[in-house]
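# Analysis of the macromolecular model
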Amino acid sequence: MKLPFKVDLNNKVVVITGAGGVICSHLAKAVAACGAKVALLDLHKEAAQSHADVIVSEGGIAKGFEANVLDKASLIKCHEEVLKEFGPCDILINGAGGNNPKATTDNEYAELEDSKKELKTFFDLDQSGVEFVFNLNFIGTLLPTQVFAEDMIGKKDCSVLNISSMNAYTPLTKIPAYSGAKAAVSNFTQWLAVHFSHIGIRVNAIAPGFFSTKQNEKLLWNPDGTPTARTGKILAATPMGKFGVVDDLVGATLFLVSPEAASFVTGVCIPIDGGFSSYSGV
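Model, not experiment: these values are computed from the prediction. (Residues numbered from 1 in each chain as written. Predicted model: local features only at pLDDT ≥ 70, side-chain atom pairs only at ≥ 80, totals over all residues. Heavy atoms only, no water.)

### A short note on the overall build of the protein
In terms of helices and strands, the protein carries 8 helices and 7 strands. Against the 2.2 N^0.38 benchmark of 19 Å for 282 residues, the protein shows a C-alpha radius of gyration of 19 Å, consistent with a compact globule. Seen along its three principal axes, the alpha-carbon backbone of the protein occupies a region of about 60 × 40 × 40 Å. Across the 282 residues of the protein, 47% fall into the buried class. (Helix = DSSP H or I, 4+ residues; strand = E, 2+ residues; numbered from the N terminus. Rg over C-alpha atoms; globule rule 2.2 N^0.38 Å. Buried < 20%, exposed > 50% of the residue type's maximum accessible area, 1.4 Å probe, protein only.)

Quick look at the structure:
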């Protein structure tokens, strides 16, 4: 892959959760191209390994591992496997996350006549769905950090990178659990940056704006491929007038994990959003 710039990650072990997905598999390829040994973690090992195979075919060092970010025992087992394969973790990218239809309302606004319509309203949200989404994003960031960041104690040039979202700045309609969870991730990033500051571990985050992925395609596109009304609103509120692509996330990621470029940077969350967070709507 073509990098916007290259940082020296030779002999660094990078662990990435959610690496079977589009965004984190792409970040895995980026850090591998900088010389890192990359452990791609995913609930579905086959998905992670398929991306690892591409990295290896391009001359990189990578392997897929099965891990459930909501199960500490699973993460501990995975950690042992990563240690045997690559050694202790230097950089952790917490990329596992996502939304679920059970935690999504049909309506953007509550209206007086909603009870007469066939809608899934706020009052109909499934508790288990809300808990799953919140846990996947927040607990799924906390637990891998507990397991893998312990490797970083007493070492130089180590860091954690979390994946937040534009939802953390201003909650989007329809997805209260996801919005709340990403706000928690941003807050946790700041908390952890302070907590780890005396032991030399930097903690930062990136906050992607709007990207069209498999997870949100039903919210953004009609079955016939035409844009939904929500897509129209998103693009109207994004000054650059387009969705992001995964390449847009690489530069900030490499900057934040680079010991040379960002040695004095911790506790920040960088929006990568085409101006969405800056635009008031007028």
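### A closer look at unusual backbone geometry
The phi dihedral of Asn11 falls on the positive side, at around 70°, and the residue is not glycine. Here Asn11 lies in the segment before strand E1 (13-16). Taking relative accessible area as the criterion, Asn11 reaches 61% and is therefore assigned exposed. For Asp157, which is not glycine, the phi dihedral falls at a positive 65°. Its place among the elements puts Asp157 in the loop between helix H4 (127-148) and strand E5 (158-163).

### Points about the sheet that holds E5
With respect to topology, 7 strands assemble into an open sheet ordered E3-E2-E1-E4-E5-E6-E7, the strand pairing being parallel. The sheet is open, and its two edges are formed by strand E3 (61-66) and strand E7 (269-272), each paired on a single side. Recorded for the sheet is a direction-independent mean angle of 15° between the axes of neighbouring strands. The pairing of strand E2 (residues 37-42) with E3 spans 6 bridges and is classified as parallel. Following the sheet pairing, Leu41 is matched in E3 by Phe65. Strands E1, E2 and E5 of the sheet are contacted by helix H1 (residues 22-33), whose axis makes an angle of about 175° with E1. Across the sheet, helix H2 (residues 45-57) lies against E2 and E3, angled at about 175° from E3, the strand it touches most. (Pairing = 2+ DSSP bridges. Axes fitted to C-alpha atoms, helices over the stretch in contact; angles between N-to-C directions. Contact = heavy atoms within 4.5 Å.)

### Some thoughts on the nonpolar core
Counting residues in each nonpolar core, the largest one holds 33 residues, and the members touching the most others are Leu9, Ile16, Val31, Val38, Leu40, Ile206 and Leu254. Listing elements by their share of this core, those giving two or more residues are E1, H1, E2, H2, strand E4 (91-94), E5 and helix H8 (250-257). The dominant element in this core, judged by the number of residues it contributes, is H1, at 6 residues. If near-sequence neighbours (up to four positions away) are discounted, Ile206 is found in contact with Leu161, Asn162, Ile163, Ser164, Ser165, Leu249, Ala252, Thr253, Leu256, Cys269, Ile270 and Ile272. (Core = buried A, V, L, I, M, F, W, Y, C linked by side-chain atoms within 4.5 Å.)

### Examining the pairing of strand E6 (residues 201-208)
In terms of burial, E6 is a largely internal element, 8 of the 8 residues being buried. The alternating pattern of E6 places Ile201, Val203, Ala205 and Ala207 and Arg202, Asn204, Ile206 and Pro208 on opposite faces, both of which are buried. Both E5 and E6 contribute to a ladder of 6 bridges, which runs parallel. Paired with Cys158 across the strands is Ile201, a residue of E6. The sheet contact formed by E6 and E7 spans 4 bridges and is parallel. Looking across to E7, one finds that Ala205 is bridged to Cys269.

### Brief notes about the side chain of Thr141
Tracing the backbone shows Thr141 in helix H4. Residue classification places Thr141 among the buried residues on the basis of a relative accessible area of 1%. One polar contact links the side chain of Thr141 to the main-chain carbonyl oxygen of Asn137, over a distance of 2.8 Å. Sequence-distant contacts of Thr141, defined by excluding residues within four places in its chain, comprise Asn94, Leu136, Asn162, Val185 and Phe188. (Polar contact = N/O pair within 3.5 Å; in protein donor to acceptor, adjacent residues only side chain to side chain.)

### Some remarks on H8
Burial of H8 is extensive: 7 of the 8 residues sit out of reach of the surface. Turning to H8, its buried residues number three or more, namely Val250, Gly251, Ala252, Thr253, Leu254, Leu256 and Val257. Next to the buried residues of H8 lie H1, E4, E5, E6 and E7.

Note that every value here comes from positions in space, so none of it alone points to a role or purpose.
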